[in-house]
Amino acid sequence: MAEVEAALAETSLTDDQKAEVEALRAEGEELHTAGEHAASIAKLNEAKEILGL
């Protein structure tokens, strides 16, 4: 999650892409908190893909 946040702060994505990354990051955190770690990682990986990580 920290990696996504750091990259988001330094990237030049469109507003729509930023919103999508933020939504995926939030969903990933919620899944992590709920104990659904595999699903959390999948969402965070989607965000990382958009960020080019």
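Before reading further, recall that the structure is shown in the block above.
Conventions and cut-offs
Residues numbered from 1 in each chain as written. Predicted model: local features only at pLDDT ≥ 70, side-chain atom pairs only at ≥ 80, totals over all residues. Heavy atoms only, no water. Helix = DSSP H or I, 4+ residues; strand = E, 2+ residues; numbered from the N terminus. Buried < 20%, exposed > 50% of the residue type's maximum accessible area, 1.4 Å probe, protein only. Contact = heavy atoms within 4.5 Å. Axes fitted to C-alpha atoms, helices over the stretch in contact; angles between N-to-C directions. Parallel < 35°, antiparallel > 145°, perpendicular 65-115°, else oblique. Left-handed = near helix turned anticlockwise from the far one by under 90°. Nonpolar A, V, L, I, M, F, W, Y, C, P; charged D, E, K, R; others polar. Expected span 1.5 Å × (residues − 1). Arc of directions from axis to C-beta. Core = buried A, V, L, I, M, F, W, Y, C linked by side-chain atoms within 4.5 Å.

S.K.: How should the environment of Thr33 be read in this particular structure?
M.R.: One can find Thr33 in helix α2 (residues 15-33). Residue Thr33 is classed as exposed on the basis of its relative accessible area, which comes to 65%. C-alpha of Thr33 to C-alpha of Leu51: the two residues are 18 residues apart in sequence and 23 Å apart in space.

S.K.: I would appreciate a short explanation of the side chain of Arg25 in the present structure.
M.R.: Residue position: Arg25 is located in helix α2. Judged by its relative accessible area of 15%, Arg25 falls in the buried class. Not counting the four nearest positions on each side in its chain, Arg25 is found in contact with Met1, Val4, Glu5 and Leu44.

S.K.: I would appreciate a short explanation of the packing of α2 against helix α3 (residues 37-51) in the present structure.
M.R.: The axes of two packed helices give the description: the angle between them and the distance between them. Put simply, α2 and α3 touch, their axes get as near as 8 Å, and they point 165° apart. When the axes of α2 and α3 are compared, the pair comes out roughly antiparallel. Considering the relative orientation of α2 and α3, their crossing is left-handed. Contacts from Gln17, Glu20, Val21, Leu24, Arg25, Glu27, Gly28, Leu31 and His32 of α2 reach α3 at His37, Ala39, Ser40, Lys43, Leu44, Glu46, Ala47, Ile50 and Leu51. Classifying every residue of the contact of α2 with α3 by side-chain character gives eight nonpolar, five polar and five charged.

S.K.: In this structure, what is going on with α2? I would like to understand it.
M.R.: An α-helix turns once every 3.6 residues. As a result, residues three or four positions apart point the same way. Compared with the 27 Å implied by 1.5 Å per residue over 19 residues, the 27 Å span of α2 between its first and last C-alpha is a close match. Those residues of α2 that sit buried are Val21, Leu24, Arg25, Gly28 and Leu31. The arc enclosing the buried residues of α2, seen along the axis, measures out at 125°, which places them on a common side. Of the residues in α2, the exposed ones pointing more than 90 degrees away from the buried face are Asp15, Asp16, Glu30 and Thr33.

S.K.: What exactly am I supposed to notice about the nonpolar core here?
M.R.: Generally speaking, nonpolar side chains in soluble globular proteins are found buried as a group. One finds Val4, Ala7, Leu8, Leu13, Val21, Leu24, Leu44, Ala47 and Leu51 forming the largest nonpolar core, which totals nine residues. Elements with a contribution of two residues or more to this core: α1 (2-10), α2 and α3. Ignoring any residue separated from it by four or fewer positions in sequence, one finds Leu24 in contact with Lys43, Leu44, Glu46, Ala47 and Ile50.

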